[in-house]
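Analysis of the macromolecular model
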Amino acid sequence: MQKKYRLGGRRTFSFIYARGGRASGRYMTVITCPSARRGLRIGVVAGKKVGKSVVRNKVRRRMKEIVRRFIPYIENGYNYILVASAQASGAGFAELITDMSAALTKAGKLSDKENAERAARGE
């Protein structure tokens with residue numbers, strides 16, 4: 001994911017956790033909050049319930065790659081936090097794509113679900 005899309009800073013994360021809207025899937029939760037800068041910024045989080053550090057980093061890398069492919073289809077002007085659930089460690093790449101697509105659609109932030117999934121799969 002490019003640097004201009006990265007969400008950083010403890011205060012920013014805390015603000016979004018407190019005021020953001022949530023939409024859950026099987027393997028992740030999407031928290032959205034309107035952005036003051038009118039840009040698109042995304043943070044990916046995997047807590048200790050996901051597994052040890054190697055597993056958490058693997059899940060985080062997969063989620064970042066999927067969201068990188070989804071960026072053209074995600075609504076601009078919002079900050080997003082993607083929180084991995086404990087079951088995400090056992091999920092395959094294709095399952096994470098489908099779940100992220102479903103969670104973003106549930107949140108109302110994904111414009112074209114079929115094309116987004118196709119782009120994420122590399123088709």
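Each value, and the rule that gives it
Residues numbered from 1 in each chain as written. Predicted model: local features only at pLDDT ≥ 70, side-chain atom pairs only at ≥ 80, totals over all residues. Heavy atoms only, no water. Helix = DSSP H or I, 4+ residues; strand = E, 2+ residues; numbered from the N terminus. Rg over C-alpha atoms; globule rule 2.2 N^0.38 Å. Buried < 20%, exposed > 50% of the residue type's maximum accessible area, 1.4 Å probe, protein only. Contact = heavy atoms within 4.5 Å. Areas by Shrake-Rupley, 256 points an atom, 1.4 Å probe, with all protein chains shown as cover. Lys, Arg positive; Asp, Glu negative; His and termini not counted. Charge placed at Lys NZ, Arg CZ, Asp CG, Glu CD. Polar contact = N/O pair within 3.5 Å; in protein donor to acceptor, adjacent residues only side chain to side chain. Phe/Tyr/Trp six-rings, centres within 6.5 Å; stacked < 30°, edge-to-face > 60°. Lys NZ or Arg CZ within 6 Å of the ring centre and 35° of its normal. Core = buried A, V, L, I, M, F, W, Y, C linked by side-chain atoms within 4.5 Å. Salt bridge = Lys/Arg side-chain N within 4 Å of Asp/Glu carboxyl O.

1. Section: the overall build of the chain
Check the secondary structure of the chain and you find four helices and four strands. In sequence order, the secondary structure elements of the chain are arranged as α-β-β-β-α-β-α-α. For 123 residues, the compact-globule estimate of 2.2 N^0.38 gives 14 Å, and the chain sits close to it at 13 Å. In terms of its C-alpha atoms, the chain occupies a principal-axis envelope of roughly 35 × 35 × 25 Å. The proportion of buried residues among the 123 residues of the chain is 41%. Put simply, 78% of the contacts in the chain that link residues at least 6 apart link residues at least 24 apart. Carbon and sulfur atoms form 47% of the exposed surface of the chain, whose accessible area is close to 6,900 Å². Charge separation in the chain, taken as the distance between the mean sites of 27 positive and 8 negative side-chain charges, equals 15 Å.

2. Looking at the side chain of Asn 79
Within the fold, Asn 79 resides in strand S4 (residues 78-84). Among the polar contacts listed, one links the side chain of Asn 79 to the side chain of Arg 41, at a separation of 3.4 Å. Contacts of Asn 79, omitting those with residues within four sequence positions, involve Leu 7, Ile 16, Ile 31, Thr 32, Cys 33, Pro 34, Ser 35 and Arg 41.

3. Brief notes about the packing of aromatic side chains
What the rule picks out here adds up to one aromatic pair. In this arrangement the basic side chain of Lys 109 is found over the ring face of Tyr 78, its NZ or CZ atom lying 3.6 Å from the centre.

4. Quick notes on the environment of Lys 48
Mapped onto the secondary structure, Lys 48 falls in the loop between strand S3 (41-46) and helix H2 (53-70). Lys 48 sits in the exposed class, given a relative accessible area of 72%.

5. What about the nonpolar core?
In terms of nonpolar packing, the biggest core is built from 30 residues, with Phe 70, Ile 74 and Met 100 touching the most fellow members. At the level of elements, strand S2 (28-34), S3, H2, S4, helix H3 (93-107) and helix H4 (113-121) are the ones that each hand at least two residues to this core. Look past the residues within four positions of Phe 70 in its chain and what remains in contact with it is Ile 97, Met 100, Ser 101, Leu 104, Leu 110, Ala 116, Glu 117 and Ala 120.

6. A closer look at the pattern of salt bridges
Following the criterion strictly, the structure yields three salt bridges and no others. Between Glu 65 and Arg 69 there is a salt bridge; the shortest N-O distance is 2.8 Å. Of the two residues, Glu 65 and Arg 69 both sit in helix H2, four residues apart, roughly one turn of that helix. Residue class for Arg 69 comes out partly exposed when judged on its relative accessible area of 25%. One connected set of salt bridges, linked through shared partners, spans Glu 65, Arg 68 and Arg 69.

7. What about the environment of Ala 102?
Position of Ala 102 among the secondary structure elements: in helix H3. Distance from Ala 102 to Gln 87, taken between C-alpha atoms, is 16 Å for residues 15 residues apart in sequence.

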